[in-house]
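# Analysis of the macromolecular model
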Amino acid sequence: MTLTPKQRVERIVEHAMCIGCGLCQAVAGTDKLQVVKGETGYLVPIASDDIDAKTVDIIEDVCPGIHVAGLPSNLIATDSQHDNVWGPWTRMVRAWAGDEQQRHIGATGGVLTALASFLLTSKQVNFVLHVKPHETEPSFGQMHISRTPEEVLQGAGSRYGPTAPLIAIDQVLDLGEPFAFIGKPCDIAGLRNYAEQDARVNELVKFTLAPVCGGWGPPATTRNFYQRMGVDPEAVTGLRYRGHGCPGPTRITTKERVVDAHYLDFWGDDESMWDMPFRCKICPDGIGEAADIAAADSWVLGSPNRLDSETDPGTNSVVARTSAGAYLLAEADMAGALVIEHDIMPDHMSIYQTHQMHKKYAVGPRYQGLQDAGQLHVRTERLRVAELASEVPRHEYERQRLGTMERVKVGKATQPKPKAAS
Ligand SMILES: Cc1cc2nc3c(=O)[nH]c(=O)nc-3n(C[C@H](O)[C@H](O)[C@H](O)COP(=O)(O)OP(=O)(O)OC[C@H]3O[C@@H](n4cnc5c(N)ncnc54)[C@H](O)[C@@H]3O)c2cc1C
C-alpha cells in the first residue's frame, strides 16, 4: 500500500522510531507540521493533511529516529585513534569543571557546562543552543539559547523527559551567528543530517558537545515514579532529575512541598530495571560519535552507589573525537575552566559504560529482528553496526534478533497514531 506523505510521518511515530527532537518541525515549517505533546505524553509530530512528498523525503533523510551517521569523514583527524566500540577519538580523559559551582550543579562533574561557558567567555561562539527545564511541563526539557555562563548554568543537569532542542533550528541559524550546540547523540545526529540540507549548519555550528546517553524516561514511567514517591502527578510543578551533587537528589516539587528521591529510585538499582522508549533500546549511537566532545559519568558499570551519592563531587569521563574537541579540552584545562585528572583509554570507558558497549554489539541483530518483523529500523552510516554484529556469538545474535521480533509481536515497538494531547 502506498502511504500518503502524512502517513509516512505518522509511520515514524507508529513504529516507535520518533525521538521527539523537533527537527521535522524546523524542516517543514509550523504551517505543515508541529511537534507537540501527544496523547501518549511524548513529543510527537502532527503533520497537516497537505504536507507534500518532497518535504517528507527531506524529513525521512534528516530524522535521527531513522537515520544516524557517525563522525563525518572530513572531521576524522589524521592522528585520530579508533576503537571498534568507542569509535574515532583524539583524547579521552577524566575531568570536572574548574568552577566549584558548575561542578556541583552539573549532572556529573559539570564538564559540558564548563566547556560551553569557556566557549562564551573566550568569545569562540556568540551563544550556546542547548536545553533547560521546561517552563510548563515539569518533566520536559526545552530548547534554550544561552549567551552568558549564568544562563548556561540554568540548563545544567540531565533532563530525562521529552526534549526538542532542534525544534527551531531554522530560526537559530537565521540569527547568522557562530554558536555551540549541546544535545544528546541523537540530536547531534539530526543536526549533522540537517547539515546536508542547510549549509549554514557547518558554517555556524562551531562545536558540538554531547552528554553520552543510555536512553530517557517514558512519560508513563515518570508518572509512576511520582506516584511511588507519594506525589500526585497532577500536582507536580518541577522535576530536577539530577545535579547539585553527583548524581544529587531527584527533586520533585509541588506548590506545597519538596520531595527528594534518589537517582536509583527513578532508574532502578540495576540496568535490567531501566525503562526507556523502544527507540533508545535500539540506539546505534549513545556515545556521541558525531560530536566534537562527548561527556559521560564515571560510575563503574553505569550506576552510582547509593552510599557514595552524598559525597561524590562528580567526575566525567570525556571523549574528544575531533581535533577541535582535543584542542578545546587542552585550552579549557590551561585556562582553569576544566580540571583534567588524567587520560584514560577505551577500556576504561567500557568499564564505566558497560551498557553502551553491550548495546553497540546488540543493535545489529536487533535491526535484523525489526527487518524480519517488517518494521522500520535505523539506517546507519560509519557506526560499524554490521561489523560489531559479526563479532556476536551466533546464539546471542539469535537471542537478540528473536527477542526483538517478539517485542514487535507484543506491541512494544508500536506507538499509537500521533494525536495532540487535549
Ligand atoms: C537522557 C540522558 C541519558 C543519559 N545516559 C547516560 C548514560 O547512559 N551514561 C552516562 O555516562 N551518561 C549518561 N547521560 C549523561 C550524564 O547524565 C551527563 O549529562 C554527562 O555526564 C555530562 O555531565 P555534565 O556534568 O558535564 O553535564 P552538565 O554540565 O550538567 O550539562 C548537561 C548539558 O546537557 C544538556 N541536556 C540535558 N538534558 C538534555 C536532553 N534531554 N537533551 C538534550 N540536551 C540535554 C543541558 O542543556 C546541559 O547543557 C545521560 C544524559 C541524558 C540527558
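Preceding this section is the structure that the text describes.
The model shown is predicted, which means the values in this text are computed figures rather than measured ones.

## Quick word on the packing of helix 1 (residues 5-14) against helix 3 (residues 53-62)
Across the interface, helix 1 lies against helix 3 with an axial gap of 9 Å and an inter-helix angle of 20°. Put simply, helix 1 runs roughly parallel to helix 3. The way helix 1 lies across helix 3 gives a crossing that is left-handed. Side by side, helix 1 and helix 3 meet where Pro5, Arg8 and Val9 of the first sit next to Ala53, Val56, Ile59 and Glu60 of the second. Residue composition of the contact of helix 1 with helix 3, grouped by class: five nonpolar, no polar and two charged.

## Digging into the nonpolar core
Among the nonpolar cores identified, the biggest contains 119 residues, and Leu115 and Val128 are the most heavily contacted of them. For this core, the element with the highest residue contribution is helix 5 (residues 111-121), accounting for eight residues. Setting aside its immediate chain neighbours within four residues, Val128 contacts Ala116, Leu119, Leu120, Ser146, Val152, Phe179, Ala180 and Ile182.

## As for the sheet that holds strand 7 (residues 127-133)
Ordered in space as 8-7-9-10-14-15-6-16, the eight strands form an open sheet in which the pairing is mixed. With partners counted over all chains shown, the strands left at the sheet margins are strand 8 (141-146) and strand 16 (338-343), one partner each. Neighbour-to-neighbour, the strand axes of this sheet turn through a mean angle of 30°, independent of strand direction. Against the sheet, helix 8 (residues 185-195) touches strand 9 (179-182) and strand 10 (205-211), its axis set at about 155° to strand 10. Sheet contacts for helix 13 (residues 323-334): strand 6 (91-97), strand 10, strand 14 (293-296), strand 15 (316-320) and strand 16; angle to strand 16, the most-contacted strand, approximately 115°.

## Brief notes about the sheet that holds strand 11 (residues 236-240)
Across the sheet, three strands lie side by side as 11-12-13; this open sheet has antiparallel pairing. At either margin of the open sheet sits one strand with a lone partner, and together these are strand 11 and strand 13 (258-261). Sheet twist, expressed as the average angle between the axes of neighbouring strands with direction ignored, equals 15°. The pairing of strand 11 with strand 12 (residues 250-254) spans four bridges and is antiparallel. Bridge pairing links Val236 to Thr254 in strand 12.

## Some points on the site of the ligand
What surrounds the ligand is a group of 35 residues, the closest being Gly106, Thr113, Pro211, Gly214 and Ala296. Only helix 5, strand 7 and strand 14 provide two or more residues apiece to the shell around the ligand. For the shell around the ligand, the leading source of residues is helix 5, giving three residues.

## Brief notes about helix 3
Within helix 3, the full set of buried residues consists of Val56, Ile59 and Val62. End-on view of helix 3: buried residues confined to an arc of 130°, all on one side of the axis. Set apart from the buried face of helix 3 by more than 90 degrees, the exposed residues are Ala53, Lys54 and Asp57. Buried positions along helix 3 lie against helix 1, helix 2 (23-28) and helix 8.

## Things to note about the environment of Lys184
Here Lys184 is to be found in the loop between strand 9 and helix 8. Taking the C-alpha atoms as reference, Lys184 lies 14 Å from Cys18; in sequence the two are 166 residues apart. Non-local contacts of Lys184, meaning those with residues more than four positions away in its chain, are made with Ala210, Pro211 and Cys213.

## Examining helix 13
The terminal C-alpha atoms of helix 13, which comprises twelve residues, lie 16 Å apart, in line with the 16 Å expected from a rise of 1.5 Å per residue. Gly325, Ala326, Leu328, Leu329 and Ala332 are the residues of helix 13 that are buried. The buried residues of helix 13 occupy an angular sector of 160° when the element is viewed end-on, so they sit on one face. Packing partners of the buried residues in helix 13 comprise strand 6, helix 5, strand 10, strand 14, strand 15 and strand 16.

What counts, and at which threshold
Residues numbered from 1 in each chain as written. Predicted model: local features only at pLDDT ≥ 70, side-chain atom pairs only at ≥ 80, totals over all residues. Axes fitted to C-alpha atoms, helices over the stretch in contact; angles between N-to-C directions. Helix = DSSP H or I, 4+ residues; strand = E, 2+ residues; numbered from the N terminus. Parallel < 35°, antiparallel > 145°, perpendicular 65-115°, else oblique. Left-handed = near helix turned anticlockwise from the far one by under 90°. Contact = placed C-beta atoms within 7 Å. Nonpolar A, V, L, I, M, F, W, Y, C, P; charged D, E, K, R; others polar. Core = buried A, V, L, I, M, F, W, Y, C linked by C-beta atoms within 7 Å. Buried ≥ 20, exposed ≤ 12 C-beta atoms within 10 Å, placed from the backbone. Pairing = 2+ DSSP bridges. Near = placed C-beta within 6 Å. Arc of directions from axis to C-beta. Expected span 1.5 Å × (residues − 1).

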